[in-house]
Amino acid sequence: MPRDPRSPLWLLLLLLLLPPPGTWGDGGRARPTEGAEEAGSAGSWSAFQGLREQLRAAGALCRRYWALFSCRVWPEGCRQDEEPPARPPGWSLPLLGQQYLDILTTWYCSFQDCCDSGDCRIINNFTGLEADLRVRLHGQHLARELVLTAARGYLELPQPDKALALSFHGWSGTGKNFVARMLAENLYRDGLRSDCVKVFVATLHFPHHKYVDLYQEQLAGQIRKTQEHCHQTLFILDEAEKLHPGLLEALRPHLEHQAPENPKAKSPRTIFLFLSNLGGNIINEVVLNLLKAGWSREEIGMEHLEPQLQAGIVEATDSGFGHSCLVKENLIDFFIPFLPLEYRHVRLCARDAFLSQELLYTEEALDEIAKMMVYVPKEEQLFSSQGCKSVSQRINYFMP
């Protein structure tokens, strides 16, 4: 009977995850001297008990990591409703554990198939995406609902007939890139590093208009190559308002409705994210007027923003995005507004920045960081002009 190729990993996991010898309870203590036999006996029993507890903790930790590792390389057998074993006290899971999991996954998948079928780089963790959008994204109830609904609905379709195109609009620092990263992290095992995810920044990848013909070929070729390599792809185009009209035209064939030649053939699922500051002033004006009229932020709906946002995008004279075939031919599925952030949201961003670096913070420190930001309009001082951008750098002022 052939051996299960997974079984040797138990030993490797155990060896990697056991703590250094000096941390095993009282096992490193010196033996009791003569004349203290009774105390030594009690000490030995205590050391034995401590060692047994540490062994139990090590076993629980190994089971925890085995569950996480298995879900990475054999996702079809992963049960989402199972809670992993509790973390033993005193063990640093985020640092050591993530390193071990990355090493083991890379090593094992270099010579083994990581699942029986499908593409193991793709995880489509909608539960994790929902949790990230709810906990980590602040002040963007519209984006939270629209992104989750659109992504889940599209990726659960048996046979989509076009790519999903989402266009994020709002001021800098309101969370557009943050949400794009959340999508990558929860749809793909390797997040933005996945070979199924490609990020293009207009001013970085396509800086010179005189080379637009070359850029068109490169962009179309990169899309085709990625789609051939992965059956589910994500393309992020940052600073979309600065893309040359020729590049937007080159995207048309990839965003149009497709009539599959073979109904049984599986076409690649593709999501395009366009990130843009275009329309940010319109969004802010609408939100400000509604707040002045007595509306709460959470009462603001798409019906208040979408018509004016789309009209403003089309009428913009400093960008060709609104005049492109993507907009005129309704190839963009959702225009998603990112609302301007207020003082309370900046405080939450500051708190998250401290927590992400495992630093202690005080409420006074959060207030000080929030007060460093510039708020507009001049009279109301309501919205952070930079959103939460640069908040993570500002916590350096409060480090000991």
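What you are looking at is a predicted structure, and each value in this text was computed from that prediction instead of being measured.

Rules behind the numbers
- Residue numbers restart at each chain and count upward from 1, following the sequence in its written direction.
- With pLDDT at 70 or above as the cut-off, local features in this predicted model cover only qualifying residues; side-chain atom pairs require 80 or more to be listed or tallied, and sums for whole chains, interfaces and linings still use all residues.
- Processing note: side-chain calculations cover all non-hydrogen atoms of the structure and skip hydrogens and water entirely.
- Put simply, a salt bridge is a Lys or Arg side-chain nitrogen that is within 4 Å of an Asp or Glu carboxyl oxygen.
- Strands here are runs of E lasting at least two residues and helices are runs of H or I lasting at least four, both read from the DSSP assignment and numbered beginning at the N terminus.
- Relative accessible area decides the class of each residue, using a 1.4 Å probe on protein chains only: under 20% of the type maximum gives buried, over 50% gives exposed, and in between gives partly exposed.
- Note on geometry: axes are C-alpha line fits, over the in-contact stretch for helices, and angles between N-to-C directions span 0 to 180 degrees.
- Orientation labels follow simple angle bins: below 35 degrees gives roughly parallel, above 145 gives roughly antiparallel, 65 to 115 gives roughly perpendicular, and whatever is left gives oblique.
- By convention the crossing between two helices is left-handed if the near helix lies anticlockwise of the far one by an angle smaller than a right angle, and right-handed if it lies clockwise.
- Contacts are residue-level and defined by heavy atoms, with any inter-residue pair within 4.5 Å sufficient.
- The nonpolar class holds Ala, Val, Leu, Ile, Met, Phe, Trp, Tyr, Cys and Pro. Asp, Glu, Lys and Arg form the charged class, and all remaining residues, Gly among them, are polar.
- Any two rings among Phe, Tyr and Trp, with Trp reduced to its six-membered ring, count as a pair given centres within 6.5 Å; such a pair is stacked if its planes are under 30 degrees apart, edge-to-face if over 60, and tilted if neither.
- Polar contact is the term for a pair of N or O atoms within 3.5 Å; when the atoms are in protein, one must be able to donate a hydrogen and the other to accept it, and sequence-neighboring residues count only if both atoms are side-chain atoms.
- A pair of strands is treated as paired once DSSP finds two or more bridges between them.

As for the pattern of salt bridges
- Evaluated as defined, the whole model comprises 16 salt bridges.
- When the shortest N-O distance is used, the salt bridge between Arg 181 and Glu 185 registers 3.9 Å. Pair noted here: Arg 181 and Glu 185 are both in helix H6 (residues 176-187), with a separation of four residues, about one helical turn.
- Exposure remark for Arg 181: the relative accessible area of 33% places this residue in the partly exposed category.
- According to the relative accessible area criterion, Glu 185 is partly exposed, its value standing at 32%.
- Put simply, Arg 347 and Glu 363 hold a salt bridge, and the shortest N to O gap is 2.6 Å.

What to know about the packing of helix H4 (residues 126-135) against H6
- Closest axis-to-axis distance for the H4/H6 pair is 8 Å, and the angle between their directions is 155°. With respect to their mutual orientation, H4 and H6 come out roughly antiparallel. Crossing of H4 over H6 shows right-handed handedness. In this structure, H4 uses Phe 126, Gly 128, Leu 129, Asp 132 and Leu 133 to contact H6, whose residues at the interface are Val 179, Met 182, Leu 183, Asn 186 and Leu 187.
- Looking at the contact of H4 with H6 residue by residue, the class counts come to seven nonpolar, two polar and one charged.

As for the environment of Arg 189
- For Arg 189, the location among the structural elements is in the loop between H6 and strand S2 (197-201).
- Assessed through its relative accessible area of 24%, Arg 189 is described here as partly exposed.
- Expressed as a C-alpha distance, the spacing of Arg 189 and Arg 121, which sit 68 residues apart in the sequence, is 5.2 Å.

Details of the packing of aromatic side chains
- Throughout the structure, instances matching the rule amount to nine aromatic pairs.
- Relative to Phe 272, the ring of Phe 235 lies with its centre 5.2 Å away and its plane at 25°, an arrangement referred to as stacked. With Phe 235 in strand S3 (residues 232-238) and Phe 272 in strand S4 (residues 269-276), this residue pair connects regions lying 37 residues apart in the sequence.
- Overall, Phe 235 belongs to the buried group, its relative accessible area being 0%.
- Exposure remark for Phe 272: the relative accessible area of 0% places this residue in the buried category.
- A ring pair is formed by Phe 272 and Phe 274, whose centres lie 6.4 Å apart and whose planes are at 15°; its orientation type is stacked. Exposure class is identical for Phe 272 and Phe 274. Each is buried.
- Taken together through their ring pairs, the aromatic side chains of Phe 200, Phe 206, Tyr 211 and Tyr 215 make up a single cluster.

Regarding the side chain of Arg 252
- Here Arg 252 lies in helix H10 (residues 252-255).
- A polar side-chain atom of Arg 252 sits 2.7 Å from a polar atom in the side chain of Glu 249.
- Once you skip the residues sitting within four places of it in the chain, Arg 252 turns out to touch Cys 325, Leu 326, Glu 329 and Leu 331.

Here we look at the pairing of S3
- Most of S3 is tucked away: seven of the seven residues are buried.
- Burial along S3 is two-sided: Gln 232, Leu 234, Ile 236 and Asp 238 and Thr 233, Phe 235 and Leu 237, pointing in opposite directions, are all buried.
- One ladder, built from five bridges, connects S2 with S3; its direction is parallel. Residue pairing for S3: Phe 200 is matched across the bridge by Leu 237.
- Taken together, the six bridges between S3 and S4 define a ladder with parallel strand orientation. Along S4, the bridge assignment pairs Leu 234 with Ile 271.

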